[in-house]
Amino acid sequence: ARRGESSLLGAEERMEGSGSLVDFDWSLRLVLSSSHLSSMRKPVLMVDLSLKYADGSTKNSILEFNEGDLDSVLGSLSSVEKVLERLG
C-alpha cells in the first residue's frame, strides 16, 4: 500500500500511460496502534482502483489516505468541479 499518497494516481501510472478506471472499492479502517505508540486511533481510507490500459492489460492500485491526505484530495476535486462548472 502507498502511504501518504496525495494524488489519485501515483508516478508509476502516469509514466505507463493513462488507464481507464474499470472498478473501485474502498474501506475505512481504524489503526489502533503502531510500533511507536501503543494507544493510537487513526482513521485510514483504503481505495483499490482497477485500471485497464489500451493494450488490454489491467492493474490494481491500492491507495491509502490519512485524514490530511483525504482532505487535500477532496479539496483538489472540489477545485476541479468548480472549473468544470465554469466551462459547462
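Residues numbered from 1 in each chain as written. Predicted model: local features only at pLDDT ≥ 70, side-chain atom pairs only at ≥ 80, totals over all residues. Heavy atoms only, no water.

Visitor: Break down the pairing of strand S2 (residues 42–52) for me, citing the residues and quoting the values.
Guide: In terms of strand pairing, strand S1 (residues 20–31) meets S2 through 11 bridges, oriented antiparallel. Residue pairing across strands places Asp25 opposite Asp48, the latter belonging to S2. As paired elements, S2 and strand S3 (residues 58–65) share 8 bridges and run antiparallel to each other. Paired with Ser50 across the strands is Asn60, a residue of S3. Here S2 folds back onto S3 in antiparallel fashion, the turn holding 5 residues, of which Gly56 has a positive phi close to 95°. (Pairing = 2+ DSSP bridges. Helix = DSSP H or I, 4+ residues; strand = E, 2+ residues; numbered from the N terminus.)

Visitor: Talk me through the sheet that holds S3; I want residue IDs and the actual numbers.
Guide: Spatially, the 3 strands line up as an open sheet ordered S1-S2-S3, and their pairing is antiparallel. At either end of the open sheet lies a strand with only one pairing partner, and these are S1 and S3. Sheet twist, expressed as the average angle between the axes of neighbouring strands with direction ignored, equals 15°. The strands that helix H2 (residues 67–87) touches are S2 and S3; relative to S3, the one it contacts most, it runs at about 115°. (Axes fitted to C-alpha atoms, helices over the stretch in contact; angles between N-to-C directions. Contact = heavy atoms within 4.5 Å.)

Visitor: Kindly report on H2, identifying the contributing residues and their values.
Guide: The end-to-end C-alpha separation of H2 is 31 Å, in line with the 30 Å expected for 21 residues at 1.5 Å each. The opening residue of H2, the one whose side-chain oxygen lies 3.0 Å from the backbone nitrogen of Gly68, is Asn66. (Expected span 1.5 Å × (residues − 1). Polar contact = N/O pair within 3.5 Å; in protein donor to acceptor, adjacent residues only side chain to side chain.)

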